[in-house]
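# Observations on the three-dimensional arrangement
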Amino acid sequence: MTVAIATSPTYTSFSEVFPLKILELNLMCFQLVPEVEKKDGNRLSYHFSQKLPETVVIWHKSYFWVLAAHHRVLPSKEELQEALKIIQNEVEDFKEYLFCLQLVSHFQPTHLIYSRLAIQVLNKTKFASPIAFSENGIIVKREPDFWSETLELTDDVKAAITLTICSSIMFRDTLADFYEKHPQRQNPEQFLIGLNVQEKERGNNATIVNIIGNIGEHREELLAKATGLTSKQALQDAPDEQPIVAIQFGKDTRHFYYAMAALRPCVTSATANLLGVEYGKLLKAAKITHQDRIQLLTSYKTTAKEALAVYGMQLELSINSRDYPNIFWEHPVKLEDTRLLFGNGITVNRTEVLKGLSKGGVYRRHVQFQDKSKVIQIAALKLCDVTVSSFIEQLTQRLAKYGFKSEVITKKSLSVKNLTKTESRVAVEKAVHELVEIPHDIVLAFLPESDRHADDTDEGSFYHQIYSLLLRRQIASQIIYEDTLSNSESYQYILNQVIPGIIAKLGNLPFVLAEPLEAADYFIGLDISRISKKRQAGTRNACASVRLYGRQGEFVRYRLEDDLIDGEIIPPKLLERLLPATELANKTVLIYRDGAFVGKEADYLAHRAKAIGAKFILVECKKSGVPRLYNIKQKAVTAPSQGLALCLSSCEAILVTTKVPDTIGLARPIRLTVREQGHQVSIESVLETTLKLTLLHHGALKEPRLPMPLYGSDRMAYLRLQGIRPSVMEGDRQFWL
């Protein structure tokens, strides 16, 4: 693997990835007949780990791997069978199985198996978790988080783990306490269903999906099925009249029944006020300084090292650019020096977007604005008390500076203070309909601050009401909250952010990369986003969109699919419509998947590419489960430089795409993986392409974390699932900005 080196005697980088040195393991392997699938294998291995003292068990590709502490004798076949029998008696799903347990005499563990066994050891280890904030029963704890990794070094593959720190915002009391104090206690469905909760015993998060009778009716039946001590105790102690809640874990569609004392509410922006704490204060407490982060990391590493040593594993120094210089990569040119192309052939650095717009105008005018005498018709709809005339005047002046004439032809004020929510929404609907009867290109809507958090209410926010009504009529909108305009001195800053977005929403292309990307002819983002059904079991899913970008990162068009689909897999027939052969045949196309390619998606795409004579580069882009990277400058730990990457292998890398101020926190990298089914390119090429595609955000001056083909997919899916979408399923205006 050939990569640029990001180190010098005074400037090094390191990561939260720690290699494992495997010493002498007390290891065995067995399998069950009939074989179990991955989901059941993982569940069974968890229960085996709980039943067998000083022993951990994992399932991997049909086999169970058993690792015991070095001073313990490995469990015998009889001991394993007895543990299995107990598990089957306790866990309802396995009661009907007739398993035959067979020991495997010859086995060859992989580095991934070593790594996963290490994680199971850490799962059974107690770490000190300091409390950083406490108020009204809500605490912010610093906790360790860890997961398995493998590293492809020059002459070897190594097992490794990521060890990192996260801040957990927790409610000290139980869901039962929350329920008893809630003002809507008489209507528990209204505030419990859809509520995110955490299981006290194992710390797993879930969602309440239903309420099933009360404890008095089902106590004995539930006690007979309960496996955890906390659950059993909660069932025994709960009053007869307390409701039983049905919860659902992640993608698992099964329901599990709990007494409320075995759960605690998750603290979110929606529940913080109910619990008596400002959510903003909690978010601030969740931030960890670099110094604290390193001190905690050192402490957790010491604990992890001691725990792993008992099982014959040694935790080594974290991967750093001093010891492993060849796997750190940094973009050879500072990202801010990347040249962007504007109108009239003007090029400037990325940091000079406004200068580029002033000197050259936009790179490409939409067909409706190619005639420069065309005037942008603006309407202003005001639902708050703030004075907006000065802001609007400066907005039109700024548009003129960038080559667009504009005129405010309609101004409408609407007071909703003394109206009910229903009355006010009717008034807004009527006002918008009056506006759309007059030809406008864009509506500026000024909303009260109280509307910011109204999306979760039954009626929804004015923001989405106005946005939806206008989008269906293909009229652009720009929403501005009144508190944003409270200080007139900040107008210029606000305009710097919103004007390029307004221009882009009208179909113009403010700027592109001055130099074409070499990796592919087209760049595409694929995504499925899920949303929970409120007050109903299950989830519903939507394929968010496909957006097509050209070699200079120029946005070509979007395409939406109207089908709501179940599950995570994008069906082949949908992929066929999203990736038309007429356009992509004989082209090289880099396809970003938000998250992992699921099921046989990658195989199907590879077959389709071959069938149409194209080359599809298949790249997974993951936002969670990604270790942090750090720099060291003059012996002090600092934030990672934008564009720093750690190559875990020749097809997988961790990439820092954003620059985050120290006061905000530490940059969260993304994980990029090139799938083997697609056309192969170097990981360095994917890193450079991804970084440059983050420079093309027209809705803000700051670069997003994701490349533009993926950026905004979540928002598009969210809008789609709220019933908000344009009247046409394909277009060339960036309405999601």
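How each quantity is defined
- Residues numbered from 1 in each chain as written.
- Predicted model: local features only at pLDDT ≥ 70, side-chain atom pairs only at ≥ 80, totals over all residues.
- Heavy atoms only, no water.
- Helix = DSSP H or I, 4+ residues; strand = E, 2+ residues; numbered from the N terminus.
- Contact = heavy atoms within 4.5 Å.
- Core = buried A, V, L, I, M, F, W, Y, C linked by side-chain atoms within 4.5 Å.
- Buried < 20%, exposed > 50% of the residue type's maximum accessible area, 1.4 Å probe, protein only.
- Pairing = 2+ DSSP bridges.
- Axes fitted to C-alpha atoms, helices over the stretch in contact; angles between N-to-C directions.
- Salt bridge = Lys/Arg side-chain N within 4 Å of Asp/Glu carboxyl O.
- Expected span 1.5 Å × (residues − 1).
- Arc of directions from axis to C-beta.

### Some remarks on the environment of arginine 339
Tracing the backbone through its elements, the reader meets arginine 339 in strand S17 (residues 339–341). Leaving out residues up to four positions away in the same chain, arginine 339 has contacts with Thr347, Val348, Asn349, Leu513 and Ala514.

### Brief notes about the nonpolar core
Counting 80 residues, the largest nonpolar core has Phe391, Leu395, Phe446, Leu485, Leu672 and Leu687 as its most contacted members. Looking at this core element by element, the count peaks at eight residues for helix H14 (residues 491–505). Of all hydrophobic cores here, the second largest spans 39 residues; its members include Leu175, Leu192, Phe249 and Val277.

### Description of the sheet that holds strand S11 (residues 205–214)
If you trace the five strands from one edge of the open sheet to the other, you get S13-S12-S11-S10-S14, paired in antiparallel fashion. Here the strands that pair on one side only, and so sit at the sheet edges, are strand S13 (256–258) and strand S14 (263–265). Between one strand axis and the next, the sheet turns through 50° on average, direction left out of account. Where S11 lies against strand S12 (residues 243–248), five bridges are found, and the strand directions are antiparallel. Each bridged residue has a counterpart across the sheet, and for asparagine 210 the counterpart in S12 is alanine 246. In this fold helix H6 (residues 215–225) packs onto S11, S12 and S13, with an angle of close to 115° to the strand it touches most, S11.

### Section: the sheet that holds strand S21 (residues 442–447)
If you trace the four strands from one edge of the open sheet to the other, you get S20-S19-S21-S22, paired in parallel fashion. Because the sheet does not close on itself, it has two edges, and the strands there are strand S20 (405–413) and strand S22 (476–481). Across the sheet, the axes of successive neighbouring strands diverge by a mean angle of 20°, strand direction being ignored. Here strand S19 (residues 375–382) runs beside S21; their pairing, made up of five bridges, is parallel. Residue pairing in the sheet places alanine 380 in a bridge with leucine 444 of S21. On top of the sheet, helix H13 (residues 462–472) reaches S19, S21 and S22; it is set at about 165° to S22, its chief contact. Across the sheet, H14 is in contact with S21 and S22; its angle to S22 comes to roughly 155°.

### Describing the pattern of salt bridges
Counted according to the given criterion, the structure contains 24 salt bridges. The shortest N-O distance in the salt bridge between glutamate 149 and arginine 671 comes to 2.7 Å. Separated by 522 residues along the polypeptide, glutamate 149 in strand S8 (residues 138–152) and arginine 671 in strand S34 (residues 670–674) bring together distant segments of the chain. Put simply, glutamate 316 and lysine 158 hold a salt bridge, and the shortest N to O gap is 2.9 Å. With a gap of 158 residues between them, glutamate 316 in the loop between strand S15 (313–315) and strand S16 (328–330) and lysine 158 in strand S9 (residues 157–171) connect regions that are remote in the sequence. You'll find glutamate 316 and lysine 158 in the same group, each marked buried. The network of salt bridges with shared partners includes Arg557, Arg559, Glu583 and Glu730.

### Here we look at the pairing of strand S2 (residues 17–22)
As paired elements, S2 and S9 share three bridges and run antiparallel to each other. Among the inter-strand pairings, phenylalanine 18 is bridged to a residue of S9, identified as isoleucine 161. Bridge count between S2 and S15: three bridges; the pairing is antiparallel. Bridge pairing in S15 links lysine 21 to glutamine 314.

### Digging into helix H2 (residues 77–90)
The terminal C-alpha atoms of H2, which comprises 14 residues, lie 20 Å apart, in line with the 20 Å expected from a rise of 1.5 Å per residue. Of all the positions in H2, only Leu80, Ala83, Leu84, Ile87 and Gln88 are classed as buried. All buried residues of H2 fall inside an arc of 135° around its axis, so they share one side. Set apart from the buried face of H2 by more than 90 degrees, the exposed residues are Glu78, Lys85 and Asn89. As for H2, its buried residues are in contact with strand S3 (26–33), helix H1 (38–51) and strand S6 (100–103).

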